[in-house]
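Okay, here's what each chain looks like letter by letter:
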Amino acid sequence: MKISTKGRVAATTAFLTIALVAGMIWWANDEVGDANERRRETTDLARGLTELRLVTFEYMLHRHERPREQERRVHERLERLIADSPLAGDAQIEALGTLRRRNQEAHRLFLELAATPSVEGTSAKQAEAIRRFEAQVSSRLLILQQESLADAFFLTDFSTERINAAQQRVVLVIIAGLSLNALIAGAATWFIRRDVLSPIARLQQATREVASGDLDYQLHNDSDDEIGETARNFDAMTHSLRTSFRQIERSNQELAALNQEIEAFSYSVSHDLRAPLRSMDGFSLALLEDYGDKLDAEAKDSLQRVRAASQRMGRLIDELLGLSRVTRTELKRGPVNLSEVAREIAESLGHQSPQRHVEWRIEEGMTVHADKSLMQIALQNLLENAWKFTGKTEQAVIRIGMRVVDGAKACFVADNGVGFDMTYADRLFGAFQRLHHENEFSGTGIGLATVQRIIRRHEGKVWVEALPGQGATFFFSLKEPVP
Amino acid sequence: MSARWAAPVVAAVVAALFLLPRDTWHASAHAAAPATPIRIALSSTPHAALLYIAVAQGFFAEEGLPIAIVPATHGKAALDLLAQGKADLATAAEVPFVISVLHGERLSVVATVASVSSEMAVVARRERGISNPADIAGKRVGVTPGTSGEYYLWAFLIRHMISPDDVILEAVAPGQMPQQLAAGNVDAVSTWEPIKSAARDALGDSSVTFSESDAYTVTHVVIGTSGFIATHAEEINKLLRALLKAEAFARANPDKAQRIVAERLKLDPKTLRAGWSDLTFRVDLRQSQLVTLEDQARWAMARGHSPSGPLPNFLPRLYLDGLLAIQPDRVTVVH
């Protein structure tokens, strides 16, 4: 059964229990109300009987018309009360019947008493008989009234007992309801612990195992509820992950082998190309030095061009080797003071071209967690770029600093050089890609490709913002070390 | 336990046994001994039905109360057995109880077991010129002296404003009444069931019966000597509990109850059934009883059944503690 179905069953049971308890309380309350009404009626009966007794005594003492009239009224009232009483139960109906009979007998005896002839004018014997009659009727009357009162009190007691019983029922119902709800709560807690919390804990453990690299961890949950389904999905997921990882591993191995081959190839090519280049440059120089006086100007110029081309190709090969080295070098991360590195590079550039006046603005205290030698190469390329493209700017300013971009720290190298059109920005970090002509700004087009490779090896990213004639700003951010 | 402590401990136990209340010893001895049955003198009338039912249904046994029935022809005879020490308790109408009290006997009522308003009657011979109550004046009426039959006649006469002096009373034993009436030795008899029915049957069509429910409600009670009741409170409580069970049984199973009583009293079931509905079997003690007892005392003194004197206080003669302990709502006596 699904957890949601079980939850609905538990909630419905709890609601039904509450509804049952509420219904029983309502019923018991109705019972109490009814019993209270009966008690009020029986109290009215007892009050009427007490009044009847009082006026009977008054009549016996004084033989006045007023208590006789009152007796009639109370008798009629009692007759109505008895007739209207809806009391149920054998004992109560019997008591009510007895009460009705006694009330009628008592009223008849009262009328007989009222109709007793006077003793005046009778013989002593007759007078004695009359007095005895009166005494007998009076005694009988009082006995009947007293017993009627006892019956009325019995009915009152019964009503009180009914109230007590109903109240006791309410208490019992509440206790039973609370116990039932406690039982349901206990069962629900046990059920949640068994079917929800424990499986979730196993699921958590599984996620921890998988997170720690154990992709073989399996839950094997056979239950048909939501958690069982999640567990099966989890097992399917880890199975997929295992398959994917194996494929990735194979791909990585293949890629690594391929990379190794490419690097070996490019290194070999670069290295092997240097020998003929050196020959070309060397023999061109030999021709110029040894046969310079025999060569005309055009021939010398051609030789110079051969030399320049071979030297440029040499630089290209050097930089390609550098790019290759950047890829192969093992990362050795540690704190790198970029401010200090930048200052050293700036100073070096200043020495190389002392005729240039460039304002360097290097932010202090810039530190990153990275491979120092690679960061030196990256920064060297970026600062050389800035130096180069501010070559035609009268008041060149190069800024190196750090700012927060999209919630992460990013270093930047900004210049106020020639800048470029951002339309071509995506080409910028490709090898041998150039936005300016060789004659305008010299270069191999390898520098920014090297920068991008270094930053990627640090799991960071590099991007640029530029405008033609207003300079360019290169940003790079590195993956923050885990504390 | 070391020997140093053994002697003082044994001495303390022995001393404690000697110092125990004597009642404890008596109770233990009493519990161990076979219980002595309570002897109850029962009138051979349906008024003692609850006691017969309690015996037949084993309610006394259920309560752990051994009972020995001592049969008696009527209530007064049962009370005589009590006076003679041949019974511990007796059932009787209130009249013989009142007379005994007036004679100075220390008796108490344990509980009422039955009451009836229309049972008593005057059965008369029609050919003696008796057709209505007033015709009784000047006639010879048979009564059993000192019984409720005689008191009923007194109450009947008063009810009809006839002077008791205007009738001639003839002492007749209960069992002789039908024959005496049939033989014409008396003009009428004042008696109770089943003698009333027997007397009527003896006369056949020539009988006339005067029943006057307003005159007197006969109440049958369980009576004991005050001394016995005081020393047997627990037994009395058991007796009362058994009687209450019998009352419930009689209410729930009237046919079975009648069969039990008819069998015990060797009565024709039809005869018993005729008067059964008039009987009220209820174990209680009522305030109205005091009024009746006092009225009967006045009558007894007027009729010379006891020496004249001040009206006795009947309140101490009603043993309230038993019913109050078991079912207090059955006691309406102001106390």
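Scroll up to find the structure.
Numbering of residues starts from 1 in each chain and follows the order in which that chain's sequence is written. Both sets of labels track the order of writing: A upward for chains, 1 upward for ligands. Only residues with pLDDT of at least 70 are given local features in this predicted model, and only at 80 or more are side-chain atom pairs given and counted; all residues enter the totals for whole chains, interfaces and linings.

Draft legend 1. Examining the overall build of chain B more closely. The secondary structure content of chain B amounts to 15 helices and 11 strands. Whether a residue is buried, exposed or partly exposed is read from the other C-beta atoms within 10 Å of its own C-beta, which are placed from the backbone; 20 or more gives buried, 12 or fewer gives exposed, and intermediate counts give partly exposed. Put simply, chain B has 335 residues, and 48% of those count as buried. Throughout, a residue-residue contact means that the two C-beta atoms, derived from backbone geometry, are no farther apart than 7 Å. Taking the contacts inside chain B whose residues are at least 6 apart along the sequence as the reference set, 79% of them involve residues at least 24 apart. We count a stretch as a helix when DSSP gives it H or I for four or more residues in a row; a strand needs E for two or more, and each element gets its number in order from the N terminus.

Draft legend 2. Seen up close, helix α6 (residues 297–328) of chain A. Take the residue count of a helix, subtract one, and multiply by 1.5 Å to get its expected span. In a regular helix each residue adds 1.5 Å, so 32 residues correspond to 46 Å; α6(A) covers 46 Å between its end C-alpha atoms and thus fits that length. The complete set of buried residues in α6(A) reads A:Ser310, A:Glu319, A:Leu320 and A:Leu323.

Draft legend 3. Inspection of the pairing of strand β7 (residues 472–477) of chain A at higher detail. Residue and element names in this part refer to chain A. The criterion for strand pairing is that DSSP finds at least two bridges linking the strands in question. Across four bridges, the pairing between strand β5 (residues 408–415) and β7 is antiparallel. Each residue of the ladder has a partner; that of Val413, found in β7, is Phe474. Counted between consecutive antiparallel strands, the loop separating strand β6 (residues 461–466) from β7 contains five residues, among which Gly469 sits at a positive phi close to 80°.

Draft legend 4. Region of interest: the interface of chain B and chain A. The interface is formed by 14 residues belonging to chain B together with 17 residues belonging to chain A. Taken together, the elements giving at least two residues each to the side of chain B that touches chain A come down to α7 (148–159) and α14 (287–303) of chain B. Tallying contributions element by element places α14(B) first for the side of chain B that touches chain A, with four residues. Charged residues are taken to be Asp, Glu, Lys and Arg, nonpolar residues to be Ala, Val, Leu, Ile, Met, Phe, Trp, Tyr, Cys and Pro, and polar residues to be all remaining types, Gly included. Looking at the side of chain B that touches chain A, its residues break down into five nonpolar, four polar and five charged.

Draft legend 5. Region of interest: the nonpolar core. Residues and elements named next belong to chain B. With 116 residues, the main nonpolar core has Leu50, Ala90, Ala111, Val113, Ile223 and Leu243 as its most contacted residues. Ranked by residue count, the leading element in this core is helix α11 (residues 233–252), at nine residues. Setting aside residues no more than four positions away along its own chain, Ala111 makes contact with Val221, Val222, Leu240, Leu243, Val283, Asp284, Leu285 and Leu323. Among buried residues, those of type Ala, Val, Leu, Ile, Met, Phe, Trp, Tyr and Cys that are joined through C-beta atoms within 7 Å form a set called a nonpolar core.

Draft legend 6. Molecular detail of the sheet that holds strand β11 (residues 279–280) of chain B. All names here are of chain B. Pairing within the open sheet is mixed, and its six strands lie in the order β2-β1-β3-β10-β4-β11. This sheet does not close on itself; its edge strands, each paired only once, are β2 (67–72) and β11. By the bridge criterion, five bridges tie strand β3 (residues 89–93) to strand β10 (residues 218–225) in an arrangement that is antiparallel. Bridge pairing in β10 links Ala90 to Ile223. Fitted lines through C-alpha atoms give the axes, limited to the stretch in contact for helices. The angle between two N-to-C directions lies from 0 to 180 degrees. Sheet strands in contact with helix α5 (residues 75–83) are β1 (38–43), β2, β3 and β10, and its direction is about 150° off that of β3.

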